[in-house]
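Listed below, chain by chain, are the residues.
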Amino acid sequence: MTSAKTRQYPAVDMMKFICAFLVIVVHTYPFYEVWPDLGFVTSNILGRIVIPFFFISAGYFMQIGRCHKDENYFRSYIKRLVKLYLIWSRARRRRTSAR
């Protein structure tokens, strides 16, 4: 049996790629000018699966990691998330203050 660290989930990886694209679509509304109905469907219907998908998949993989690793896994997982959040928040702040 393969460990949780080396196991690959190609369907989840593909869905993450699609959801990352939908995040951009939800925030930029690229199809509204070309075809308003497509813009509505992609932004208001398909785009609404993004957050629940990321939330559920993150919880699933966090649980797998917690089961196969030590008891400090949750703490290190949260530290990584906070670190990423702070990096992106700072990058965004720099970008918006440059305008």
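As a reminder, the structure under discussion sits directly above these lines.
This section reports on the structure supplied with the text. (Residues numbered from 1 in each chain as written. Predicted model: local features only at pLDDT ≥ 70, side-chain atom pairs only at ≥ 80, totals over all residues. Heavy atoms only, no water.)

1. Re the overall build of the chain
Phase 1: Helices and strands together make up the secondary structure of the chain, namely four helices and zero strands.
Phase 2: Classification of the 99 residues of the chain by burial places 16% in the buried group.
Phase 3: Long-range pairs, those at least 24 residues apart, make up 47% of the contacts in the chain between residues at least 6 apart in sequence.
Phase 4: Here the chain displays about 8500 Å² of accessible surface, and carbon together with sulfur accounts for 66% of that area. (Helix = DSSP H or I, 4+ residues; strand = E, 2+ residues; numbered from the N terminus. Buried < 20%, exposed > 50% of the residue type's maximum accessible area, 1.4 Å probe, protein only. Contact = heavy atoms within 4.5 Å. Areas by Shrake-Rupley, 256 points an atom, 1.4 Å probe, with all protein chains shown as cover.)

2. Comments concerning the layout of surface pockets
Phase 1: In this structure, the largest pocket encloses a volume near 760 Å³.
Phase 2: Every element with two or more residues in the lining of the largest pocket is listed here: helix H1 (10–28), helix H3 (50–68) and helix H4 (73–97).
Phase 3: Broken down by element, the lining of the largest pocket gets its largest block of residues, seven residues, from H4.
Phase 4: For the lining of the largest pocket, the per-class residue count stands at 11 nonpolar, two polar and two charged. (1 Å grid on protein atoms, 1.4 Å probe; cavity = no way out; pocket = protein on both sides within 12 Å on 5 of 7 lines; lining within 4 Å. Points joined across faces, edges and corners; volume = space filled by probe spheres on them. Nonpolar A, V, L, I, M, F, W, Y, C, P; charged D, E, K, R; others polar.)

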